[in-house]
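Each chain is listed here by its residues.
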Amino acid sequence: MPGLAGIITTSFNEAHRAALHQMVKCMEHESFYVSGTYINDQIGAGIGWVCHKGAFSDCLPIWNERRDLCLFFTGEHFGEHLSELAELRAKGHQCDALNASRLVHLYEEHGLESFLLKLNGWFSGVLLDLRDRKVVLFNDRYGFNRVYCHEDRDAFYFASEAKSLLKVLPKLRRLDTRGLAEFFSCGCVLQNRTLFSEISLLPGGSKWLFSHGHAVSRASYFRPEMW
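**Student:** I would appreciate a short explanation of the overall build of the protein chain in the present structure.
**Tutor:** Within the protein chain, the secondary structure is distributed over 5 helices and 12 strands. For 227 residues, the compact-globule estimate of 2.2 N^0.38 gives 17 Å, and the C-alpha radius of gyration of the protein chain, at 17 Å, lies within 12% of that figure. Overall, the C-alpha framework of the protein chain stretches about 55 × 45 × 40 Å when taken along its three principal axes. If you average the places of the 25 positive and of the 26 negative side-chain charges in the protein chain, the two averages end up 3 Å apart.

**Student:** Looking at this structure, I do not really get unusual backbone geometry. What am I missing?
**Tutor:** What you tend to see is this: most non-glycine residues have negative phi, and most peptide bonds are trans. With omega at -10 degrees, the peptide bond leading from L60 into P61 counts as cis. Residue position: P61 is located in the loop between β3 (45-52) and β4 (62-63). One non-glycine residue, N192, lies in the positive phi region at around 60 degrees. Mapped onto the elements of the fold, N192 is located in the loop between α5 (177-186) and β10 (200-201). For N192, a relative accessible area of 34% gives the class partly exposed. Phi at E198 takes a positive value of approximately 65 degrees, unusual for a residue other than glycine. Among the structural elements, E198 can be located in the loop between α5 and β10.

**Student:** What am I meant to see in the sheet that holds strand β12 (residues 214-220) here?
**Tutor:** By way of backbone hydrogen bonds, the strands of a sheet pair with one another, either parallel or antiparallel. In space, the 6 strands of this open sheet follow the order β4-β5-β6-β7-β11-β12, with antiparallel pairing throughout. Each edge of the open sheet is held by one strand with a lone partner, namely β4 and β12. Pairing of strand β6 (residues 123-129) with strand β7 (residues 134-139), which is carried by 6 bridges, proceeds in the antiparallel orientation. The partner of V126 across the bridge, within β7, is L137. Across the sheet, helix α3 (residues 103-118) lies against β4, β5 (69-75), β6, β7 and β11 (206-211), angled at about 75 degrees from β5, the strand it touches most.

**Student:** Mind showing me how you'd approach a nonpolar patch on the surface here?
**Tutor:** On the surface, F78, L117, W122, Y142, F144, M226 and W227 cluster together into a nonpolar patch covering about 870 Å² of accessible area. Tracing the backbone shows M226 in the segment after β12.

**Student:** How should the environment of A5 be read in this particular structure?
**Tutor:** Its place among the elements puts A5 in strand β1 (residues 3-9). Separated by 164 residues in sequence, A5 and L169 have C-alpha atoms that sit 14 Å apart. When near neighbours in sequence (up to four residues on either side) are disregarded, A5 contacts L20, M23, M27, G46, I47, G48, F158 and A159.

**Student:** Explain α3 to me, please; I cannot follow it from the model alone.
**Tutor:** Each α-helix winds once per 3.6 residues, and so residues spaced three or four apart point in a common direction. In this model α3 runs just 10 Å from its N-terminal to its C-terminal C-alpha over 16 residues, more than 12% under the 22 Å that 1.5 Å per residue would give. Residue G111 marks the point of greatest curvature in α3, where the axis turns by about 125 degrees. Taken together, the buried positions of α3 are L103, V104, H105, L106, Y107, E108, L112, F115 and L116. Looking at the buried residues of α3, the elements they touch are β4, β5, α2 (81-90), β6, β7 and β11.

**Student:** In this structure, what is going on with the environment of R153? I would like to understand it.
**Tutor:** Tracing the chain through its elements places R153 in the loop between β8 (148-151) and β9 (155-159). For R153, a relative accessible area of 90% gives the class exposed. Sequence separation of R153 and V34 is 119 residues, and the distance between their C-alpha atoms is 32 Å.

**Student:** What is the right way to look at the state of the cysteines in this model?
**Tutor:** Disulfides are covalent bonds that link the sulfur atoms of two cysteine residues. Enumeration according to the criterion identifies 0 disulfides in this entry. C51 forms no disulfide, and the closest cysteine sulfur to it belongs to C59, at a distance of 8.0 Å. For C51, a relative accessible area of 2% puts it in the buried group. Summary of cysteine pairing: C70 is not part of a disulfide, and the nearest cysteine sulfur, belonging to C59, is at 10 Å. Taking relative accessible area as the criterion, C70 reaches 0% and is therefore assigned buried.

Definitions and cut-offs
- Residues numbered from 1 in each chain as written.
- Predicted model: local features only at pLDDT ≥ 70, side-chain atom pairs only at ≥ 80, totals over all residues.
- Heavy atoms only, no water.
- Helix = DSSP H or I, 4+ residues; strand = E, 2+ residues; numbered from the N terminus.
- Rg over C-alpha atoms; globule rule 2.2 N^0.38 Å.
- Lys, Arg positive; Asp, Glu negative; His and termini not counted.
- Charge placed at Lys NZ, Arg CZ, Asp CG, Glu CD.
- Buried < 20%, exposed > 50% of the residue type's maximum accessible area, 1.4 Å probe, protein only.
- Pairing = 2+ DSSP bridges.
- Contact = heavy atoms within 4.5 Å.
- Axes fitted to C-alpha atoms, helices over the stretch in contact; angles between N-to-C directions.
- Patch = residues over 30% accessible without salt bridge, like charges linked within 9 Å, V, L, I, M, F, W, Y side chains within 5 Å.
- Areas by Shrake-Rupley, 256 points an atom, 1.4 Å probe, with all protein chains shown as cover.
- Salt bridge = Lys/Arg side-chain N within 4 Å of Asp/Glu carboxyl O.
- Expected span 1.5 Å × (residues − 1).
- Bend = angle between axes of the 7 residues up to and from the residue.
- Disulfide = S-S within 2.5 Å.

Encoded structure:
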């Protein structure tokens, strides 16, 4: 399935590189999928992606002109495409009308909070802001585009498919009894937990900030009452 995978840690080593490659390979279900990885040792982040050729996000990684901002995005954004493009091009940005390349410039012009509120659709993404050496993991308002997460003392792992985490972290390959009971009684697992022990879902409307490999903020940019 198209999506993202990543590892955020204080020191990105060869074991992390191998794990990231395996996480991406788990999501390559078809030979025509496009995939890749990007690793930045300075901020301790490695991001992988899988997408359909020619899809909205088939332009990763997305850099700004100064190459100090990088965006990884999966899903869709149903915005005011022509007005967004006109605004950005008037300010000297180079972006394509047919894909997600303009989104990094929206962040550059409007800042994190306004950028996230401008996004419309189901999506998840990762922003690397090399100016401040920070990483931002985010998703759509209701978490329709799922992001599975696991954190231990070594690193923070995330992926669009739980099996990517299970592939590289064998200790997680056990069912969570509470989650299993909720699935049979309620038809779903509650409170952003999953069927697997120590694997959780990123809550909808998240903007989780990481610096130097550590989570420094686990905030939300959206509350339903805002609508």
